[in-house]
Amino acid sequence: MDFWRDWPYPVALSVLFLVILLRANATYWIGRAANAGADRTRLHRLMETSGYRRARDLVVRWGAPVITVSFLTVGLQTLINLAAGALRMPYRRYLPAMLIGGVLWAFLYATFGFVSFEVWQRLYERWPGLAIALLVLLVLILIGFIVRQATRSRRRGDDQTSPEDADRASGDNVGA
């Protein structure tokens, strides 16, 4: 991360914007392509997760504004862009929302993201034990959040499993 320190702010901001522009568009177009043949790909498993279903429902309900807001989230952004593509949201509606969200994302990372890293680095220089303990705590909180979400998602999935899905999962669908 030290190499960013030597870059002028507008250059760092532009590079970050280019990264998000490429990543978001790639995800959108993967979603568009997957819409036609997702049943035959590994992407199909992702598109059956509760996180993807929630993202798809958000895009259906709110449309383009949810694309912009997704860039202010962690973890939901990719699923929202994928859902927008899979739902075949018109590109003329997707692109402006993605551009505004991408600009917001780049500003956030170019300021808050780099500043946070700089603060942690200085804390490490003064009190390495405290800095490492803080980092471990943040990682544990993240792991706890992921486990909680996975457990909650699994419970919801069990509650919503149809008899046909249960037969398929157990291999009992004889007529297939």
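None of these values were measured; they are calculated from a predicted model. (Residues numbered from 1 in each chain as written. Predicted model: local features only at pLDDT ≥ 70, side-chain atom pairs only at ≥ 80, totals over all residues. Heavy atoms only, no water.)

### Examining the packing of aromatic side chains
Right, so step 1: Counting across every chain of the model gives 7 aromatic pairs.
Right, so step 2: Relative to Tyr-91, the ring of Tyr-28 lies with its centre 5.4 Å away and its plane at 50°, an arrangement referred to as tilted. On the criterion of sequence distance, the pair formed by Tyr-28 in helix H2 (residues 9–37) and Tyr-91 in helix H7 (residues 91–126) is long-range, its members being 63 residues apart.
Right, so step 3: Judged by relative accessible area, which is 0%, Tyr-28 ranks as buried.
Right, so step 4: Here Tyr-28 and Tyr-94 contribute two aromatic rings whose centre-to-centre distance is 4.1 Å and whose plane-to-plane angle is 20°, an arrangement assigned as stacked. One end of the pair, Tyr-28, is in helix H2; the other, Tyr-94, is in helix H7, and 66 residues separate them in sequence. Here Tyr-28 matches Tyr-94 in class, with each residue buried.
Right, so step 5: Pairwise contacts between aromatic rings join Tyr-28, Trp-29, Tyr-91 and Tyr-94 into one cluster. (Phe/Tyr/Trp six-rings, centres within 6.5 Å; stacked < 30°, edge-to-face > 60°. Helix = DSSP H or I, 4+ residues; strand = E, 2+ residues; numbered from the N terminus. Buried < 20%, exposed > 50% of the residue type's maximum accessible area, 1.4 Å probe, protein only.)

### A closer look at the nonpolar core
In summary, soluble globular proteins display a tendency toward joint burial of nonpolar side chains.
Right, so step 1: Residues Tyr-52, Val-59, Ile-67, Phe-71, Ala-84 and Tyr-94 are the most contacted members of the largest nonpolar core, which totals 28 residues.
Right, so step 2: Elements that contribute at least two residues to this core include exactly H2, helix H4 (50–62), helix H5 (64–70), helix H6 (76–86) and H7.
Right, so step 3: With 7 residues, the top contributor of residues to this core is H7.
Right, so step 4: The residues touching Ala-84, leaving out its near neighbours within four places in the chain, are Tyr-28, Val-59, Ile-67, Met-89 and Tyr-94. (Core = buried A, V, L, I, M, F, W, Y, C linked by side-chain atoms within 4.5 Å. Contact = heavy atoms within 4.5 Å.)

### Considerations on the pattern of salt bridges
Right, so step 1: A complete count under the given rule lists 1 salt bridge for this structure.
Right, so step 2: Asp-57 is paired through a salt bridge with Arg-56; the nearest N and O atoms lie 3.5 Å apart.
Right, so step 3: Here Arg-56 falls in the partly exposed class, since its relative accessible area comes to 26%. (Salt bridge = Lys/Arg side-chain N within 4 Å of Asp/Glu carboxyl O.)

### Considering the confidence of the model for the chain
Right, so step 1: Per-residue confidence for the chain gives a mean pLDDT of 78, with 79% of residues at or over 70.
Right, so step 2: Segment residues 161–176: pLDDT under 50, and 4 contacts once partners within four positions in sequence are set aside and those in other chains are kept. (pLDDT = per-residue confidence, 0-100.)

### A short note on H7
Right, so step 1: Taking 1.5 Å of rise per residue, the 36 residues of H7 would be expected to cover 52 Å, and the 50 Å separating its terminal C-alpha atoms lies within 8% of that figure.
Right, so step 2: By the largest-angle criterion, Tyr-109 marks the main kink of H7, which is about 30°.
Right, so step 3: Buried residues of H7: Tyr-94, Ala-97, Met-98, Gly-101, Gly-102, Trp-105, Ala-106, Ala-110, Phe-114, Gln-121 and Leu-123, and no others. (Expected span 1.5 Å × (residues − 1). Bend = angle between axes of the 7 residues up to and from the residue.)

### Some remarks on H6
Right, so step 1: Counting buried positions along H6 gives 9 out of 11 residues, so the element sits mostly inside the fold.
Right, so step 2: What H6 keeps buried is the set Gln-77, Leu-79, Ile-80, Asn-81, Leu-82, Ala-83, Ala-84, Gly-85 and Ala-86.
Right, so step 3: A positive phi of about 60° marks Arg-88, the residue just after H6.

### Things to note about the layout of surface pockets
Right, so step 1: Computed from the structure, the largest pocket encloses a volume of approximately 650 Å³.
Right, so step 2: Lining the largest pocket are 21 residues, and of these Val-74, Tyr-109, Phe-112, Gly-113 and Ser-116 lie nearest its centre.
Right, so step 3: Where the lining of the largest pocket is concerned, the elements lending two or more residues are H7 and helix H8 (128–159).
Right, so step 4: Looking at the lining of the largest pocket, the element that brings in the most residues is H7, giving 11 residues. (1 Å grid on protein atoms, 1.4 Å probe; cavity = no way out; pocket = protein on both sides within 12 Å on 5 of 7 lines; lining within 4 Å. Points joined across faces, edges and corners; volume = space filled by probe spheres on them.)

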